[in-house]
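Topology and contacts: notes
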Number of protein chains: 2
Amino acid sequence: MAPTRYLRSSASRDVNPDLDIERKTPSFDVEKLTTILDGGAENTRVRRAVEAVIHSDPVFSREDKYFLSQNESYEAAVKKAVHLKKMMHQMKWSWAGPESKYCNRALGGEVAFTLHTVFMESILALSTDEQTAKWIPLAENYRILGSYAQTELGHGTYIRGFETTATFNISTQEFVLNTPKISAMKWWPGELGRSATHTVVFAQLYIKGKCYGVHPFIVQIRSLHDHSPAPGVTVGDIGPKMDFNHNDNGYLLLQDVRVPRENMLSRFCEVLADGTYVKRGSEKINYFNMIIIRVKMLSNEVVPTLMKACIIAIRYSVVRRQSELKPGDQEAKILDYQTQQQKLLPVLATAYAFHFMNEYTNELFSKGYREIKQKNFDSLPELHAFSSGLKAIVTEHSTAGVETCRKACGGHGYSLLSGLPSLYTRLAASCTYEGENTVLLLQTARFLVKCLGAAHSGQPVPPSVAYLSAVNSERCLVRDKRDFLQPDVYVEAYRHVAIRVLSSAAAKLQALVQSGAEQHEAWHQCTVQLVHAAKAHCHYHVVKSFAEAVEKLGQEAGIQRIMKHLCGLFALHGIFSNTGDFLHDGYISGDQVDMMTASYLDLLAIVRKDAVPLVDAFDFTDETLNSALGSYDGHVYQRLYQWARKSPSNTKQANQAYENYLKPLFQNGLSKL
Amino acid sequence: MAPTRYLRSSASRDVNPDLDIERKTPSFDVEKLTTILDGGAENTRVRRAVEAVIHSDPVFSREDKYFLSQNESYEAAVKKAVHLKKMMHQMKWSWAGPESKYCNRALGGEVAFTLHTVFMESILALSTDEQTAKWIPLAENYRILGSYAQTELGHGTYIRGFETTATFNISTQEFVLNTPKISAMKWWPGELGRSATHTVVFAQLYIKGKCYGVHPFIVQIRSLHDHSPAPGVTVGDIGPKMDFNHNDNGYLLLQDVRVPRENMLSRFCEVLADGTYVKRGSEKINYFNMIIIRVKMLSNEVVPTLMKACIIAIRYSVVRRQSELKPGDQEAKILDYQTQQQKLLPVLATAYAFHFMNEYTNELFSKGYREIKQKNFDSLPELHAFSSGLKAIVTEHSTAGVETCRKACGGHGYSLLSGLPSLYTRLAASCTYEGENTVLLLQTARFLVKCLGAAHSGQPVPPSVAYLSAVNSERCLVRDKRDFLQPDVYVEAYRHVAIRVLSSAAAKLQALVQSGAEQHEAWHQCTVQLVHAAKAHCHYHVVKSFAEAVEKLGQEAGIQRIMKHLCGLFALHGIFSNTGDFLHDGYISGDQVDMMTASYLDLLAIVRKDAVPLVDAFDFTDETLNSALGSYDGHVYQRLYQWARKSPSNTKQANQAYENYLKPLFQNGLSKL
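What comes next concerns the included structure. (Residues numbered from 1 in each chain as written. Chains lettered and ligands numbered in written order. Predicted model: local features only at pLDDT ≥ 70, side-chain atom pairs only at ≥ 80, totals over all residues. Heavy atoms only, no water.)

**Let's talk about the overall build of chain A**
Inclusion rule: Only DSSP runs of H or I reaching four residues or more are called helices, and only runs of E reaching two or more are called strands; each is numbered from the N terminus. Just to be clear, the radius of gyration here is over C-alpha atoms, and the globule rule we use is 2.2 Å times residues to the power 0.38. Burial classes: relative accessible area under 20% of the type maximum marks a residue as buried, over 50% as exposed, and values in between as partly exposed (1.4 Å probe, protein chains only). By definition, residues are in contact when any of their heavy atoms lie within 4.5 Å. To measure how exposed things are, a 1.4 Å probe is used in the Shrake-Rupley method; for residues, cover is taken only from the protein chains shown. His is not counted, nor are the chain ends; Lys and Arg add positive charge and Asp and Glu add negative charge. Every charge is mapped onto a representative atom, which is NZ of Lys, CZ of Arg, CG of Asp or CD of Glu.
The number of helices and strands found in chain A is 21 helices and 11 strands. For 673 residues, the compact-globule formula gives about 26 Å, and the C-alpha radius of gyration of chain A, at 28 Å, lands near that figure. A total of 673 residues make up chain A; the buried ones form 61% of that total. Sequence separation of 24 or more characterises 73% of the internal contacts of chain A that already satisfy a separation of 6 or more. Element-wise, carbon and sulfur atoms account for 52% of the exposed surface of chain A, whose accessible area totals about 25,700 Å². Across chain A, the 73 positively charged side chains and the 69 negatively charged ones have centroids separated by 2 Å.

**Focus: the sheet that holds strand β7 (residues 233-237) of chain B**
As a reminder, the rule being used: In this analysis, strands are considered paired if DSSP registers two or more bridges between them. Fitted lines through C-alpha atoms serve as axes, helices being fitted only where they are in contact, and the angles separating the N-to-C directions of these axes extend from 0 to 180 degrees.
The strand order across the open sheet formed by three strands is β4-β8-β7 (chain B), and the pairing between neighbours is antiparallel. Only two strands of the sheet have a single partner each, and these edge strands are β4 (186-187) and β7 of chain B. When β4 of chain B meets strand β8 (residues 250-254) of chain B, the two strands line up antiparallel, connected through two bridges. The partner of lysine 186 of chain B across the bridge, within β8 of chain B, is leucine 252 of chain B. The sheet strands contacting helix α20 (residues 636-645) of chain A are β4, β7 and β8 of chain B, and the helix crosses β8 of chain B at an angle near 110°.

**Brief notes about the pattern of salt bridges**
All names here are of chain A. Short version of the rule: One speaks of a salt bridge when a side-chain nitrogen belonging to Lys or Arg is within 4 Å of a carboxyl oxygen belonging to Asp or Glu.
A full pass over the atoms with the stated rule returns 66 salt bridges over all chains. Residue glutamate 174 is joined to arginine 258 by a salt bridge in which the shortest nitrogen-to-oxygen separation is 3.0 Å. Of the two residues, glutamate 174 sits in strand β3 (residues 174-178) while arginine 258 sits in strand β9 (residues 257-260), which places them 84 residues apart along the sequence. By relative accessible area, which is 56% here, arginine 258 ends up exposed. For glutamate 548, the salt bridge is made with lysine 544, and the minimal N-O distance between the two is 3.7 Å. Here glutamate 548 and its partner lysine 544 are both found in helix α14 (residues 519-552), four residues apart, which amounts to about one turn of the helix. The class for glutamate 548 is partly exposed, based on a relative accessible area of 35%. Linked by salt bridges that have partners in common, Glu31, Asp38, Arg47, Arg48, Glu51, Arg105 and Asp619 make up one network.

**What to know about the sheet that holds strand β4 (residues 186-187) of chain A**
Ordered in space as β4-β8-β7 (chain A), the three strands form an open sheet in which the pairing is antiparallel. Each edge of the open sheet is held by one strand with a lone partner, namely β4 and β7 (233-237) of chain A. In the sheet, β7 of chain A pairs with strand β8 (residues 250-254) of chain A via five bridges, with the strands oriented antiparallel. The partner of aspartate 237 of chain A across the bridge, within β8 of chain A, is glycine 250 of chain A. Sheet contacts for helix α21 (residues 636-645) of chain B: β4, β7 and β8 of chain A; angle to β8 of chain A, the most-contacted strand, approximately 110°.

**Quick word on the environment of arginine 370 of chain B**
Considering the arrangement of structural elements, one finds arginine 370 of chain B in helix α9 (residues 338-373). Considered as a pair, arginine 370 of chain B and glutamate 434 of chain B are 64 residues apart in the sequence and their alpha carbons are 24 Å apart.

**So, the packing of aromatic side chains**
What describes a pair of aromatic rings is the distance from one ring centre to the other and the angle between the planes of the rings. Put simply, the test is: Think of it this way: a Phe, Tyr or Trp ring, Trp meaning its six-membered ring, pairs with another when their centres are within 6.5 Å, and the plane angle makes it stacked under 30 degrees, edge-to-face over 60, tilted otherwise. Charge-over-ring placement is defined geometrically: NZ (Lys) or CZ (Arg) within 6 Å of the ring centre, and within 35 degrees of the ring normal.
With the rule as written, the count across this model stands at 40 aromatic pairs over all chains. Aromatic pair phenylalanine 288 of chain A and tyrosine 369 of chain A: ring centres 5.9 Å apart, planes at 20°, arrangement stacked. Of this pair, phenylalanine 288 of chain A sits in helix α8 (residues 284-319) while tyrosine 369 of chain A sits in helix α9 (residues 338-373); the two residues are 81 residues apart in sequence, bridging distant segments of the chain. Exposure remark for phenylalanine 288 of chain A: the relative accessible area of 0% places this residue in the buried category. Here phenylalanine 356 of chain B and phenylalanine 546 of chain B contribute two aromatic rings whose centre-to-centre distance is 5.5 Å and whose plane-to-plane angle is 25°, an arrangement assigned as stacked. With phenylalanine 356 of chain B in helix α9 and phenylalanine 546 of chain B in helix α15 (residues 527-552), this residue pair connects regions lying 190 residues apart in the sequence. With respect to burial, phenylalanine 356 of chain B and phenylalanine 546 of chain B carry one shared label: buried. Against the face of tyrosine 632 of chain A rests arginine 23 of chain A, its NZ or CZ located 3.5 Å from the ring centre. Positioned above the aromatic ring of phenylalanine 244 of chain A, the side-chain terminus of arginine 426 of chain A is 4.6 Å from the ring centre.

**Thoughts on the relation of the copies chain B and chain A**
Cut-off, in case you're wondering: What sets the superposition is a least-squares fit of C-alpha atoms, and only residues with pLDDT of at least 70 in both copies go into it.
Aligned on chain A, chain B shows an RMSD of 0.0 Å; the corresponding rotation is 180° and the shift along the axis is 0.0 Å. In symmetry terms, the pair is related by a two-fold rotation axis. Rotation axis and chain B: the residue whose C-alpha lies nearest the axis is glycine 580 of chain B, separated from it by 1.7 Å. A high fraction, 100%, of the interface residues of chain B reappear at the interface in chain A, so the copies pair face to face through one surface.

**A short note on helix α13 (residues 487-514) of chain B**
To keep things clear, this is the line we draw: Take the number of residues in a helix, subtract one, and multiply by 1.5 Å to get its expected span.
Taking 1.5 Å of rise per residue, 28 residues should cover 40 Å, and α13 of chain B covers 40 Å from first to last C-alpha, within 8% of that figure. Following α13 of chain B by one or two positions, glycine 516 of chain B adopts a phi angle in the positive range, close to 105°.

Note that all results are geometric; they support no functional claim without further evidence.
Below you can see the structure in the form of structure tokens.
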């Protein structure tokens, strides 16, 4: 039995003094910053009200999260999802409203039925009014449960390559769906493995032997009576993953599965009874809906995950003491080491940078949405290129940032109880889903090369690439380390690099074509450099939008001051980590790099002072963080111990290994075994 | 029921044609390279014989690895360990012999009793002859099972800060061990949580109120009769981790636990019956043993893990086809995309670089060991500095490399069945255990700063830092991209940067001290740059040792040629990724960076051709790889499907969620729930 003096009473509300002191003199109004991050005090109020409801309900408890098997995680997610839908129904919270978003935040996204929402959204986007009238009420009332079956075992990003077929049979007025070979099996769709009754299947449409490309079909895959697979359907779970084990990602194999003609979603094209294929309207609006998912995932999933990792690592780093900074002194808080600051504080600055970037992007897309509703699709290529590259760099940097936070917590960051490993394993998926990052960056690059050409020939270019038309500056004129703290200095440096890297890749491309290479081959030989150019473009925009957002915080002096430090830290960390980009053509000199480094290290020490208030402002509850290292009160060691004691590895049945294997070994020794 | 035509007969021996063709015309003798990697044909023979024995025994099957809970993983590891020890006993294979190493390799390290070996090694290193005679036979015959309890909840790297106490009681001739506060609890030791009966506890020794620092004590923690905790002992498992769930990492809380005076391991110091503390001999040999563990883990754990990730990702990348390189052509193998080559081939080159680095290091330490046995400890500081920095950069680059491989496999790399997630989650721990990487790099930096000072004042310096005494070259003289393929060119560039970065950090340090800062404060303000200097030093040595190893392969022309390409790829990738280091003082120019980039991209295309033979040469069995993506025959999709079908998520009991939650929902709809 454990001595109770090592355990904490749950009623205790004291805060670890090493953490407490960090909150005594913030340089800014923390609550005010929280409301800015939430987009207004009213949002903060609604969010906290939702959190209070969710956290007081034992069904939503995530206490045992780290102890669950794949099956248990799945069952818990379904249980929570049903309970949540019931609760939202009673509270009259809409699935598209703000409360829904805050519920998801409070629950760390560990609820089922996410794909059911995608199922409904795809019907709303792709179906005729009759189809909507038939399917949406069934789905809204959970008479059916939907999934979205796009990705195949052999094809993800390259949609044109899908191999599932839907052949129209005029005599029966049905589509016959088939999985002609193993690589055509649908693979990965969420909620397909064990839950869904219906799914939208994307398949190559064949009419009278002719292929019309990929189209969406509603297919019932399980009985509404007993949930058994429908005739011709083989369906199951794809097994354990790095994370997302609460989600039943599934496989689907179709053998002569017949659906009526009405089940092809037909807003944009229809197959008539006689097999005539009719196209109508513009699919561009649907295309817009697809790219907006990428933008939403950044603010709803990716950046909050990065924020959580910062909270955990920074709070832990002021409670953890290790070794001496000054011989003979008390052991130092690890956040007081420059090397620890260099790990964590740029990640913190990145979380803020991406937050403001998301705000900027959301505005851009709202504007785009208004135009598109008026059938003006001019901004679509720009929005596509912008969101593609942004999704890639935000997910890449956020994933790396979370892992930096985890590693910075040393051994305890390796325990699931810290909460950090699951933040990483979960976020790591975002680099692949909703478009593989390298593929996306090359799409952005293709747009940039085109715009650069237009800019050079004096044609108008969209706003986000207008900077390509300007003459590139030749030299950075900084003479003192403090100059590097000026936003116009570092924004200009990023602009310069973005133009240079793109111009250099485009010049190589052109030279190859001029020397006789085919366009596709020349493109292929430049892809490494084109990816680099797309990243430089996006990095420039993140720095620029952060600097502009800081500018707008004018009325909140304390907040503006610390945000300017963070903006500088983000920008200088990017230069510090990629000095070659800035030195390459002599835009900055080695001496200037040294000045910049000095400024960067100064900023680490400045931001260090407000590090805890800056993560407190993110305002995630202990229940949402679910971390033994990151709780508000900082009682790290007690919580690790208390949580470990609850682990199933400490139950009697965990120790069958002793009876079965160790006891005979100890009793007989090796030689007599 | 699944249609059998999508499944593979296990008897089938055909190879996927896209993979098969990659093996048709290797530019070198693959089997010969395997024997070189193994350190000789005899080693290859022994290894394969061991693998045949292990893989033919069903107890050692790892088929269900990805489906196991923490408890099941632990039980499987204990079962395998007992079976293995029995088998090795029968085969007369020693625990320190080569077969033992190959068993561990074949089993992917997923066996228990690793810490029992550490327990024995620590007794051999730290105890008197009488103590060895008492404990080793018990341990060798598994009458007791040992652990090694060093790390505490509040202290890892900083050993002097340990808080566990061992107070000598003269009247009873016992040490009384205590955990005075929660942060003093032993936390993390392997095999402590559920298995071990004994452990070596490191504690602050107190005699008559005076503290003598940290000493090792053998403590019995569980009954040999029924395995219940010994009096005063609270012991348990620390719960789930990112990986290593087969290992019962544990916690240990001691309350007045008494051990006889003879249980302090006393090779280097003893407490006499009257409480007199006697020191004897040199602990340096023990210190040497500690650092040699770091060197061993690189060749036994870290680099093989990196190799496995390369095998999986590269084989998959020639089977996976996606999108078109040339419009209208068949979809291309993803390894034919420059961006995919840029991800995977530098990692492959890194695996070879680290392999040859390990060979060099092992030689260096064999030489050091011979000297130390003759009581010559002169090389100890150098060996310590060298192994510290090397451990840090090898684990850091290997961990990042494995994750690059995983991400390069897209969605399927996220499935546990690919084998890649567990390679990553496991290797990630290596950045923390056996010395946290940043702490280690700063130890290397301290040695380097000292040696630089010595070199500047004309004193002799150890061989690995002799290059600091030479005059640093001013300019790289390359005029053509092909020049960058010359080892002397890139080795010299790395040497230049290593000197420059270190000199710059040392100059800052000196300037701070001269301007009045205290030594410790000046050091603190330079740590980010000192870490950089230590990395540059290590990177230089890896490049240099690879180039030297290639030189020695003279008699094997085909192998030497491809190894020279890999060496160039490794070196140029390092420059390409850190151009700023080389541009900073004008050692290379922007134009030269462009030449280097062109050479680097050329090398990608060259190494691409031999990529599959180069990973085949690592010669890991399918059973050891345990990957649906990486098997020798390349039947990726069939294997993913077959393995997924076996997942417990597809059993009936997995689907209680339907009966419990979904059925009532579908039957009643949301509104009536």
